[in-house]
Amino acid sequence: MEQYAAEAGVNPQLVMAILFNEAYKPHGPDVERAWQKMKPDASFGVANMHRAAYDETRRNRPFADRPWEDLPDDPGLAVRAAAWHLHDLGAQLPAHPATSLSRDELMALGYNTGAGNMLAFARGTKPGPEAGAYLTKLHDNWSKSADALAAH
């Protein structure tokens, strides 16, 4: 996990916290594929990545040849793609956001709500209830993420 965060130039604790945030659903390959049949726009992999986000993220990356359908079977690929997606979100942020939210918090919100909303938050728009709940969960998982990284 840390190697993928380093490769993408993002905070490994942020990546780990995102993984904890996204652990709310079962991630077994068979379960994910069954759920995807019922809900075609469902996300895949341990990082719950949607097809559009993955397809955009993988361009010109070391995993560009790997399809989105591989995410349920390859947790490493899912983590790597999540790290690069966070990198891409961070690259869109202004140098001096007009908010008290940290860069990591903004990227986490971008991961959850999309780049457009992340940029609105960076301009000072307050997160709504769902985004706020995701941020609270991120804060709750922050020390657990540090502990998990230290144990590795």
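A short tour of the structure in this document, coming up. (Residues numbered from 1 in each chain as written. Predicted model: local features only at pLDDT ≥ 70, side-chain atom pairs only at ≥ 80, totals over all residues. Heavy atoms only, no water.)

Summed over the entire model, instances satisfying the criterion amount to two aromatic pairs. A ring pair is formed by Phe 44 and Trp 68, whose centres lie 4.2 Å apart and whose planes are at 20°; its orientation type is stacked. Pair noted here: Phe 44 is in the loop between helix H3 (29-38) and helix H4 (51-58) and Trp 68 is in the loop between H4 and helix H5 (75-92), with a separation of 24 residues, a long-range link. Ring centres of Tyr 54 and Phe 63 lie 6.0 Å apart, and the angle between their planes is 35°; this geometry places the pair in the tilted category. Just as Tyr 54 is buried, Phe 63 falls in that class too. Across from the ring centre of Phe 20, 4.5 Å away, lies the NZ or CZ of Lys 144, which sits over that ring. (Phe/Tyr/Trp six-rings, centres within 6.5 Å; stacked < 30°, edge-to-face > 60°. Helix = DSSP H or I, 4+ residues; strand = E, 2+ residues; numbered from the N terminus. Buried < 20%, exposed > 50% of the residue type's maximum accessible area, 1.4 Å probe, protein only. Lys NZ or Arg CZ within 6 Å of the ring centre and 35° of its normal.)

What helix H7 (residues 115-122) keeps buried is the set Met 118, Ala 120, Phe 121 and Ala 122. Those residues of H7 hidden inside the fold are in contact with H5, helix H6 (103-113) and helix H8 (129-151). Just downstream of H7 lies Gly 124, where phi reads positive at about 115°. (Contact = heavy atoms within 4.5 Å.)

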